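# Structural characterization, general
Next come the chains, spelled out residue by residue.
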Amino acid sequence: MGAWHRIRHAVTPHSHSHRDVDTSAAGLRALWISLAVLGVTALLQAGVVAMSGSVALLGDTLHNVADALTAVPLGIAFVVGRRAATRSYTYGFGRAEDLAGIAVVLVIAASAVAAGWIALRRLVDPVDLDHLPAVAVAGVLGFVGNEVVARYRIRVGRRIGSAALVADGLHARTDGFTSLAVVAAALGAWAGWRWADPVVGLAITAAIVVVLRSAAREVYRRLMDAVDPDLVDRAERTLRDIPGVRDVTAVRMRWIGHRLHAEADVVVDADLTVVAAHEVAADAEHQLTHAVPRLVAVTVHTDPVGHAGAHHHVELSHARRPRVG
């Protein structure tokens, strides 16, 4: 019972609002449906690959398999991210999504290596393809499967406010057009160009590498706590509009999973009481969560006019020691 309790504790949401749980559930549902659609697409394409020997179609199939498999680490990350914060992981487990991003990049890289290696071998030793109409149909099938997934991911991602899911949907849409290149390979082979199939296979490999570069960049930026500067600008404008805020000296933001956290330093009148300064900070925190999408937690620090900035804190601390000693 003890082991079962720990497993149930690990996968059961119990720390966030019902809205947050519903959001995660919608994201998970989109991932699993995408996995099923792309999995069936890749399976059908693999059957045509076995019959025809097309390396262009093989490259597209491997790409679709990689896209389908990315749902697994992302799904696990969504589940782990629901866990409550602990004394050790005080910000919760949202970073699991960033670790899943690394897994996604590795899967895409592996598919690029496999597709490129097979295409190069076939370019050196070209062979005649069989079942060309089936190859062309499989290419169209890949396009349709990716477009269905793209539309679904983008719609759900925009509804729940998940930029990652929207980006994944746009990625699938790009992959769909890559699948159409398989049709070109089939037409070239039908025209007697034995090199058409491996050349298109290499072109698909290049497309995978472009996607890999983009995905790796996004994962790197997320791990380095990069955010869209427009979000910082929006937060600063919102803070300056808060009654009682004289100035904004610092705004810091970071993504933890698909949730945004922020810290801000604001300047208030020096003659405010502790209660009044607290009211300004509380108002600022509340308004920021409405103004900035996906912002779930804000900490606002208030400085009095004339003592703004962290460099004053050391001086104030040293000056206060004798008074309280």
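This is a predicted model, so every value here is computed, not measured.

## Let's talk about the overall build of the protein
Scanning the protein from terminus to terminus reveals 11 helices and 3 strands. In the protein, the succession of α and β elements from N to C terminus is α-α-α-α-α-α-α-α-α-β-β-α-β-α. Going through the 325 residues of the protein one by one, you find that 42% of them count as buried. Counted over contacts in the protein with a minimum sequence separation of 6, partners at least 24 positions apart contribute 73%. For the protein, the accessible surface area stands at approximately 17400 Å², while carbon and sulfur atoms represent 64% of it.

## Quick look at the pattern of salt bridges
Two side chains of opposite charge can pair, provided their charged atoms sit close to one another. Under the definition given, this model contains 9 salt bridges. The salt bridge involving Glu218 is made with Arg217; its shortest N-O contact spans 3.5 Å. In this structure Glu218 comes out as partly exposed when scored by relative accessible area, which is 44%. When the shortest N-O distance is used, the salt bridge between Arg252 and Asp265 registers 3.7 Å. On the criterion of sequence distance, the pair formed by Arg252 in strand S1 (residues 247-256) and Asp265 in strand S2 (residues 259-268) is long-range, its members being 13 residues apart. Among the residues examined, Arg252 registers a relative accessible area of 38% and is labelled partly exposed. Residue classification places Asp265 among the buried positions, given a relative accessible area of 15%. In the salt-bridge network here, residues are joined through shared partners; they are Arg95, Asp98, Asp225 and Arg254.

## Quick notes on the nonpolar core
Of all hydrophobic cores here, the largest spans 24 residues; its most connected members are Leu239, Val251, Met253, Leu260 and Val292. For this core, the secondary-structure elements that each account for two or more residues are helix H9 (229-240), S1, S2, helix H10 (274-291) and strand S3 (295-304). Sequence-distant contacts of Val251, that is, excluding residues within four places in its chain, are made with Val232, Ala235, Glu236, Leu239, Glu263 and Ala264.

## Points about the sheet that holds S1
A sheet is described by the order of its strands in space; here 3 strands give the open sequence S1-S2-S3, paired in mixed fashion. Bordering the open sheet on either side are S1 and S3, each of which pairs with just one other strand. Taking the axes of each pair of neighbouring strands and ignoring which way they run, one obtains an average angle of 15° across the sheet. Where S1 and S2 come together, 9 bridges link them in antiparallel fashion.

## Re the packing of H9 against H10
Put simply, H9 and H10 touch, their axes get as near as 10 Å, and they point 140° apart. With respect to each other, H9 and H10 are oriented oblique. The element H9 and its partner H10 pack so that their crossing is right-handed. Contacts between H9 and H10 involve Arg234, Ala235, Thr238 and Leu239 from the former and Ala284, Gln287, Leu288 and Ala291 from the latter. Taken together, the residues of the contact of H9 with H10 sort by class into 5 nonpolar, 2 polar and 1 charged.

## A short note on the confidence of the model for the protein
Overall, the prediction assigns the protein a mean pLDDT of 79, with 83% of residues at 70 or greater. When the criterion is pLDDT under 50, residues 1-19 qualifies, and its contacts beyond four places in sequence or with other chains add up to 19 contacts.

## Side note on the packing of aromatic side chains
In total, this model carries 1 aromatic pair according to the counting rule given. On the basis of an interplanar angle of 35° and a centroid distance of 4.8 Å, the ring pair of Tyr89 and Phe93 is categorised as tilted. For Tyr89, a relative accessible area of 49% corresponds to the partly exposed category. Residue Phe93 is classed as buried on the basis of its relative accessible area of 13%. The ring of Phe93 has Arg83 sitting right over it, with the charged end atom 4.5 Å from the ring centre.

## What about the pairing of S3?
Pairing between S2 and S3: 9 bridges, direction parallel. Within S3, the residue paired with Ala262 across the bridge is Val298. Between the parallel pair S2 and S3, the chain is carried across by H10, and the sense of this crossover is right-handed.

## Overview of a nonpolar patch on the surface
On the surface, Trp32, Val65, Leu69, Val72 and Ile76 cluster together into a nonpolar patch covering about 410 Å² of accessible area. Going through the elements one at a time, helix H3 (55-69) and helix H4 (71-80) are the ones with two or more residues in the nonpolar patch.

## Quick notes on helix H8 (residues 196-223)
Between its terminal C-alpha atoms H8 stretches 40 Å, which fits the 40 Å expected from 28 residues at 1.5 Å a residue. Looking only at H8, the buried set comprises Ala196, Asp197, Pro198, Val200, Gly201, Ile204, Thr205, Ile208, Val211, Leu212, Ala215 and Val219. At the exit of H8 stands Asp225, carrying a positive phi of roughly 65°.

## Quick look at the environment of His278
Within the secondary structure layout, His278 lies in helix H10. Along the backbone, His278 and His301 are 23 residues apart, and their C-alpha atoms lie at a distance of 9.2 Å.

Thresholds, definitions, all that
- Residues numbered from 1 in each chain as written.
- Predicted model: local features only at pLDDT ≥ 70, side-chain atom pairs only at ≥ 80, totals over all residues.
- Heavy atoms only, no water.
- Helix = DSSP H or I, 4+ residues; strand = E, 2+ residues; numbered from the N terminus.
- Buried < 20%, exposed > 50% of the residue type's maximum accessible area, 1.4 Å probe, protein only.
- Contact = heavy atoms within 4.5 Å.
- Areas by Shrake-Rupley, 256 points an atom, 1.4 Å probe, with all protein chains shown as cover.
- Salt bridge = Lys/Arg side-chain N within 4 Å of Asp/Glu carboxyl O.
- Core = buried A, V, L, I, M, F, W, Y, C linked by side-chain atoms within 4.5 Å.
- Pairing = 2+ DSSP bridges.
- Axes fitted to C-alpha atoms, helices over the stretch in contact; angles between N-to-C directions.
- Parallel < 35°, antiparallel > 145°, perpendicular 65-115°, else oblique.
- Left-handed = near helix turned anticlockwise from the far one by under 90°.
- Nonpolar A, V, L, I, M, F, W, Y, C, P; charged D, E, K, R; others polar.
- pLDDT = per-residue confidence, 0-100.
- Phe/Tyr/Trp six-rings, centres within 6.5 Å; stacked < 30°, edge-to-face > 60°.
- Lys NZ or Arg CZ within 6 Å of the ring centre and 35° of its normal.
- Right-handed = clockwise from strand over helix to strand, strands pointing away.
- Patch = residues over 30% accessible without salt bridge, like charges linked within 9 Å, V, L, I, M, F, W, Y side chains within 5 Å.
- Expected span 1.5 Å × (residues − 1).

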